[in-house]
Amino acid sequence: MTLPTTEPDTPPDPRPQPGVVASTGGSHPAAPPVPWREAWRDRWLGWRDRLLASPRFQQLAAAFPPTRPIARRRSRELFDLCAGFVYSQILLACVRLRLFQHLTDGPQSVGALVARTGLGEDALRRLLDGAVTLRLVEPRGRDRFGLGVLGAALLGNGGLPDMIEHHALLYADLADPVGLLRRDDRRDTALARYWAYADNPAASALPPDAVAAYSRLMAATQAFVAAEVLAVAPLAGRRGLLDVGGGEGAFLCAAGARHPRLNLMLFDLPAVAARATARFEAAGLAGRATAHGGDFRVDPLPAGADTVSLVRVLHDHDDDTVLALLRAAHRALPSGGLLVVAEPMAEAPGAERMGAAYFGFYLLAMGRGRPRTPSALYTLLEAAGFPRPRLLRSRNPLLLQVVVAEAGSP
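Summary of the structure given here. (Residues numbered from 1 in each chain as written. Predicted model: local features only at pLDDT ≥ 70, side-chain atom pairs only at ≥ 80, totals over all residues. Heavy atoms only, no water.)

**Focus on the sheet that holds strand 10 (residues 338-343)**
If you walk across this open sheet you meet the seven strands as 8-7-6-9-10-12-11, and the pairing is mixed. Two strands close off the open sheet at either side, each with one partner strand: strand 8 (289-293) and strand 11 (390-392). Here the average twist between neighbouring strands, direction ignored, is 20°. Summarising the sheet, strand 6 (residues 240-244) and strand 7 (residues 263-268) pair through five bridges and their orientation is parallel. Pairing of aspartate 243 across the sheet is with leucine 266, part of strand 7. Contacts from helix 14 (residues 270-282) reach strand 7 and strand 8 within the one sheet, and its direction differs from that of strand 8 by about 170°. (Pairing = 2+ DSSP bridges. Helix = DSSP H or I, 4+ residues; strand = E, 2+ residues; numbered from the N terminus. Axes fitted to C-alpha atoms, helices over the stretch in contact; angles between N-to-C directions. Contact = heavy atoms within 4.5 Å.)

Set out below in structure tokens:
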């Protein structure tokens, strides 16, 4: 393979130079010396980056048979980043038109889908063509379409359509991503208004209508989350479970069905706790499930449980709030009591984009919180009195990971 005739500029000598670095703001001490291994790595990667950015090199790589598959794959990956928003909007259109539900009755003709969706034939064909490439639907013979592998999988994930609909708020906040990054006060974003408790010092006083929408969403998406947590959390033999930030009680209902002798307690904002009480009664759990109203940022957690769960709670909050909550959980537990933390985490194997990109920017738009690595959680847990936390092997790290720890002596 012939490399470009114009060689990249020779990288600078990577060895640290003494002296000061001048800037428009004056002179500042030189940056700490870069270790020689890192300096040589920077030099190599800088050469690589200049090579990959060369149009002539790109043309040669696309033409040379051994590198052609790599070049095509990189081009496809880059285009997918550019087109990702369009793909997500095709998915949203399918959800809003209930296309997947229509296809559960079996393959449908274009004419039948025109009647069921209310779209014109040309618009429907355009949507179906896009959905086919995304494996949401599949052609099934002449002018007939059925569910694709991803469309069928979506139907099996209870609240996923609700979450996809909800993403319209996130898209609105990300319409100007640089503006969002530069904002110091994000309390007026669409997501901050939706999650009404976020940064609200009077969260306990929120009326029922202010918590209804997000409570319903969390309950709708809790079924597959609860299944993942309960598959690995060591709750057998435990006497009582306190679910903090437990919403309408969907997780506790699932835990109660799996562990019939487990007493159930829920702690959430008063208006949310009232919704949980109604769910417990409807599920026939009123005799062993109680809901307690309060704000965990200012109110103590109820005692009496030997296990505390935090399911999709910590990543919504900044470190100071998380540490205070973990200390409150430690005070509520007896010595040796179990804490279960379950949520999407940063750097999960195979789910790195989910943590850093998706949740990183979702929580930015929400106004607080961040996805954390297990090791970052370990630091907070140990500071709160939970020695030796450990990560359990969950079935689907893309969805969430589970960290457990026992409360040490006060």
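From this point, things continue past the structure.
**Notes on the pairing of strand 12 (residues 401-406)**
Among the six residues in strand 12, five count as buried, and that is most of the element. The pairing of strand 11 with strand 12 spans three bridges and is antiparallel. In the strand pairing of strand 12, arginine 390 is matched with valine 404. (Buried < 20%, exposed > 50% of the residue type's maximum accessible area, 1.4 Å probe, protein only.)

**Considering the packing of aromatic side chains**
Scanning all chains against the criterion turns up eight aromatic pairs. Taken together, a centroid distance of 5.6 Å and an interplanar angle of 85° make the contact between phenylalanine 85 and tyrosine 171 edge-to-face. Of the two residues, phenylalanine 85 is situated in helix 3 (residues 68-96) and tyrosine 171 in helix 8 (residues 160-173); the sequence distance between them amounts to 86 residues. On the accessibility criterion, tyrosine 171 (22% relative accessible area) is partly exposed. Here tyrosine 358 and tyrosine 362 contribute two aromatic rings whose centre-to-centre distance is 5.9 Å and whose plane-to-plane angle is 35°, an arrangement assigned as tilted. Taken together, the residues span about one helical turn, with tyrosine 358 and tyrosine 362 both in helix 16 (residues 352-366) at a distance of four residues. Among the residues examined, tyrosine 358 registers a relative accessible area of 24% and is labelled partly exposed. A network of ring pairs unites the aromatic residues Tyr194, Trp195, Tyr197 and Tyr214 as a single cluster. (Phe/Tyr/Trp six-rings, centres within 6.5 Å; stacked < 30°, edge-to-face > 60°.)

**With respect to the nonpolar core**
Among the nonpolar cores identified, the biggest contains 30 residues, and Val244, Leu301, Leu310, Leu326, Leu339 and Phe386 are the most heavily contacted of them. When contributions to this core are tallied by element, the ones reaching two or more residues are strand 6, strand 7, strand 9 (307-311), helix 15 (319-332), strand 10, helix 17 (374-383) and strand 12. With seven residues, the single largest contributor to this core is helix 15. In this structure, phenylalanine 386 is in contact with Leu326, Ala329, His330, Leu333, Leu339, Leu381, Ala405, Glu406 and Ala407, ignoring residues within four places of it in sequence. Counting residues in each nonpolar core, the second largest holds 27 residues, with Val225, Ala226, Leu235 and Leu252 among its members. (Core = buried A, V, L, I, M, F, W, Y, C linked by side-chain atoms within 4.5 Å.)

**Considerations on the side chain of glutamate 248**
In this fold, glutamate 248 is placed in the loop between strand 6 and helix 13 (250-258). Taking the relative accessible area as the measure of exposure, glutamate 248 reaches 10% and is therefore buried. Discounting chain neighbours no more than four positions away, the residues touching glutamate 248 are Ser215, Arg216, Ala219, Leu266, Val272, Arg275, Ala276 and Arg279.

**Concerning the pattern of salt bridges**
As enumerated under the stated definition, the model contains 14 salt bridges in all. We note a salt bridge from aspartate 105 to arginine 116, for which the minimum N-O separation is 3.1 Å. With aspartate 105 in the loop between helix 4 (99-103) and strand 3 (108-109) and arginine 116 in helix 5 (residues 110-117), this residue pair connects regions lying eleven residues apart in the sequence. Bridged by salt links that share partners, the residues Glu121, Arg125 and Asp143 form one connected network. (Salt bridge = Lys/Arg side-chain N within 4 Å of Asp/Glu carboxyl O.)

**A few points about the layout of surface pockets**
Put simply, the second largest pocket is a space of about 340 Å³. Around the second largest pocket, the lining residues are Leu52, Phe57, Gln58, Ala61, Ala62, Thr67, Ile70, Ala71, Arg74 and Ser75. Classifying every residue of the lining of the second largest pocket gives six nonpolar, three polar and one charged. (1 Å grid on protein atoms, 1.4 Å probe; cavity = no way out; pocket = protein on both sides within 12 Å on 5 of 7 lines; lining within 4 Å. Points joined across faces, edges and corners; volume = space filled by probe spheres on them. Nonpolar A, V, L, I, M, F, W, Y, C, P; charged D, E, K, R; others polar.)

**Describing the environment of threonine 189**
Residue position: threonine 189 is located in the loop between helix 9 (177-182) and helix 10 (190-194). Every residue in contact with threonine 189, bar those within four places of it in the chain, is listed here: Asp173, Leu180, Arg183 and Ala365.

**Some words on the sheet that holds strand 5 (residues 144-147)**
Taking strand neighbours across the sheet as the criterion, the three strands line up as 3-5-4 in an open arrangement whose pairing is antiparallel. Edge positions in the sheet fall to strand 3 and strand 4 (137-139), since each has one partner strand and no second. Pairing analysis gives two bridges linking strand 3 to strand 5, with the strands arranged antiparallel. Bridge pairing links serine 109 to arginine 144 in strand 5. Helix 6 (residues 121-133) rests against strand 4 and strand 5 of the sheet, and its axis sits at about 105° to strand 4.

**Things to note about the side chain of threonine 117**
Checked against the element boundaries, threonine 117 lands in helix 5. Judged by relative accessible area, threonine 117 falls into the buried class, the value being 13%. Looking at threonine 117, its side chain comes within polar contact range of the main-chain oxygen of leucine 113, at 2.7 Å. Within the local environment of threonine 117, its side chain forms a polar contact with the backbone nitrogen of leucine 119, the two atoms lying 3.3 Å apart. Ignoring anything within four residues of it in the chain, the contact list for threonine 117 reads Leu97, His102 and Leu124. (Polar contact = N/O pair within 3.5 Å; in protein donor to acceptor, adjacent residues only side chain to side chain.)

**Focus on empty space enclosed by the protein**
Applying the stated criterion across every chain, the model contains two cavities of 30 Å³ or more. By volume, the largest cavity is sized at about 390 Å³. Considering the residues around the largest cavity, the lining is formed by 29 residues, among which Tyr197, Tyr214, Gly245, Asp268 and Val313 are closest to the centre. For the lining of the largest cavity, the elements supplying multiple residues, two or more each, are helix 11 (208-220), strand 6 and strand 7.

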